[in-house]
Amino acid sequence: MTNESLNTLTDNELIQRYIDGEFACFDILLARYQSKVYGYIFSVVKDKDVADDIFQDTFFKVVATINTGIYKDENKFIHWVMRIAHNLIVDYFRRNNKMPMVPNRPDGDIIDTLKIHDENVEQSIMRSQTSRNIRKLVRMLPPEQRRVVILRHYGKCDFKDIAARTGVSINTALGRMRYAIINLRRLAEENNMYIEL
């Protein structure tokens, strides 16, 4: 099927074809929504490098969720993608102890998700234990997957940097990250560890 005819498919048809192995379908979805998603991210963070990172992370999570079979087809693909982007923006501001002025959006209850709570002792212990568990599991990954995880999550590198540092394409770096997450979930289950990815 040509790209012109793929363009006529609905989001859910494209997702299903992508799951069935037609990888060009994801490129169509990305092209369809990248300006909307990136525009929203940039309008909130107002920093190109940060917006680039959050945009990449958003679509990495989209691909990872679709590939693990968790995504539910509810004819709301773009709303789901925007929610992922928004949550990553909130995470960014929490990490940097900043509170953004988020524009009031007519298509969702985005302001409701911006409640920032002080971490209590129990949450702090759980977060610390989860971090230790993840570090143990990361050491069990194949070397190329381990390197991508370390560069991304501990080195705070974007996927363009990871690709350059490891001498592979961005798609290969994303693929290694996707397999790393799948393997981390499997290893966590096998070792009776709780982690949230």
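Note that the structure is a prediction, hence the values are computed from the model and not measured.

## Some remarks on the side chain of Thr 58
Looking at the element boundaries, Thr 58 is found in helix α4 (residues 48-67). Of the residues examined, Thr 58 reaches a relative accessible area of 0% and is grouped as buried. Other than its neighbours up to four places away in sequence, Thr 58 contacts Val 37, Ile 41, Val 81, Ile 84, Ala 85 and Leu 88.

## Remarks on α4
Helix length check: α4, at 20 residues, gives a terminal C-alpha distance of 28 Å against a target of 28 Å (1.5 Å per residue), a fit within 8%. For α4, the N-terminal cap is Asp 47; the gap from its side-chain oxygen to the backbone nitrogen of Asp 49 is 3.0 Å. Positive phi shows up at Gly 69, right after α4, with a value of about 80°.

## Comments concerning helix α5 (residues 77-95)
For α5, built from 19 residues, the straight-helix expectation of 27 Å at 1.5 Å per residue is met to within 8% by its first-to-last C-alpha distance of 27 Å. Where α5 is concerned, the buried positions are Phe 77, Ile 78, Val 81, Met 82, Ile 84, Ala 85, His 86, Leu 88, Ile 89, Val 90, Tyr 92 and Phe 93. Structurally, α5 contributes buried residues whose contacts are with α2 (11-19), α3 (24-45) and α4.

## Remarks on the packing of helix α7 (residues 143-154) against helix α8 (residues 159-166)
Their axes nearest at 10 Å, the elements α7 and α8 cross at an angle of 135°. Taken together, the axes of α7 and α8 lie oblique to each other. Here α7 and α8 pass one another in a crossing that is right-handed. Contacts from Arg 147, Val 148, Leu 151 and Arg 152 of α7 reach α8 at Phe 159, Ile 162, Arg 165 and Thr 166.

## Let's talk about the pattern of salt bridges
Counted under the stated rule, the structure contains five salt bridges. With a shortest N-O distance of 2.9 Å, Asp 52 and Lys 48 are connected by a salt bridge. Taken together, the positions of Asp 52 and Lys 48, both in helix α4 and four residues apart, correspond to about one turn of that helix. Across the pair Arg 186 and Glu 190 runs a salt bridge whose closest N-O atoms are separated by 3.1 Å. Residue Arg 186 and its partner Glu 190 are both found in helix α9 (residues 170-190); the two are separated by four residues, about one turn of the helix.

## Points about the layout of surface pockets
Taken as a whole, the second largest pocket spans an internal volume of roughly 590 Å³. Mapped by element, the contributors of at least two residues to the lining of the second largest pocket are α2, α3, α4 and α9. Here the residues of the lining of the second largest pocket sort into 13 nonpolar, four polar and two charged.

## A closer look at unusual backbone geometry
Of note, Lys 46 is a non-glycine position whose phi angle comes to about 55°, a positive value. Examined against the element boundaries, Lys 46 turns out to sit in the loop between α3 and α4. When its relative accessible area of 61% is taken as the criterion, Lys 46 is described as exposed.

## Describing the nonpolar core
Note on soluble globular proteins: their nonpolar side chains tend to be buried together. Counting 34 residues, the largest nonpolar core has Val 37, Ile 41, Val 45, Ile 54, Val 62, Phe 77 and Ile 89 as the members making the most contacts within it. Broken down by secondary-structure element, the contributors of at least two residues to this core are α2, α3, α4 and α5. Ignoring anything within four residues of it in the chain, the contact list for Ile 41 reads Ala 51, Ile 54, Phe 55, Thr 58, Ala 85 and Ile 89.

## Focus on the confidence of the model for the protein
Where the model shows low pLDDT, its predicted coordinates should not be examined in detail. With 79% of its residues at a pLDDT of at least 70, the protein reaches an overall mean of 79. Across the protein, element-level confidence peaks in α2 with a mean pLDDT of 91 and bottoms out in helix α6 (residues 121-138) with 67. Contacts for the low-pLDDT stretch residues 100-120, under 50 throughout, to residues beyond four places or in other chains number 32 contacts.

Reading the values: rules and limits
- Every chain begins its residue count from 1, and numbering advances along the sequence as written.
- Thresholds applied to this predicted model are a pLDDT of at least 70 for local features of residues and 80 or more for the giving and counting of side-chain atom pairs; totals over whole chains, interfaces and linings are not thresholded and use all residues.
- Only hydrogens and water are removed before side-chain values are computed, so all heavy atoms of the structure are retained for them.
- Runs of H or I in DSSP of at least four residues are treated as helices and runs of E of at least two as strands, each being numbered from the N terminus.
- In this scheme, a residue with accessible area under 20% of its type's maximum is buried, one over 50% is exposed, and one in between is partly exposed, where area comes from a 1.4 Å probe on protein chains only.
- It only takes one pair of heavy atoms within 4.5 Å for two residues to be counted as in contact.
- Helix span, expected: 1.5 Å multiplied by one less than the number of residues in the helix.
- Here a polar contact means two N or O atoms within 3.5 Å. Within protein one must be a hydrogen donor candidate and the other an acceptor candidate, and residues neighboring in sequence count only if both atoms are side-chain atoms.
- Each axis is a line fitted through C-alpha atoms, taken for helices only over the stretch in contact, and angles between the N-to-C directions span 0 to 180 degrees.
- By the definition adopted for this analysis, an angle is roughly parallel if under 35 degrees, roughly antiparallel if over 145, roughly perpendicular if from 65 to 115, and oblique otherwise.
- The hand of a helix crossing depends on one turn: near helix anticlockwise from the far one by less than a right angle means left-handed, and clockwise means right-handed.
- We define a salt bridge as a contact between a side-chain nitrogen of Lys or Arg and a carboxyl oxygen of Asp or Glu at a distance within 4 Å.
- Within this scheme a cavity is a closed region of a 1 Å grid, computed over the protein atoms alone, that accommodates a 1.4 Å probe without allowing it to escape, whereas a pocket is open but has protein on both sides within 12 Å along at least five of seven lines; lining residues each have an atom within 4 Å of a point.
- Grid points are joined across faces, edges and corners, and a volume is the space filled by probe spheres set on the points.
- Under the scheme applied here, ten amino acids are nonpolar (Ala, Val, Leu, Ile, Met, Phe, Trp, Tyr, Cys and Pro), four are charged (Asp, Glu, Lys and Arg), and all others, including Gly, are polar.
- Nonpolar cores were defined as sets of buried Ala, Val, Leu, Ile, Met, Phe, Trp, Tyr and Cys residues, with membership established by side-chain atoms within 4.5 Å.
- Within a predicted model, pLDDT stands for the predictor's per-residue confidence, ranging from 0 to 100.

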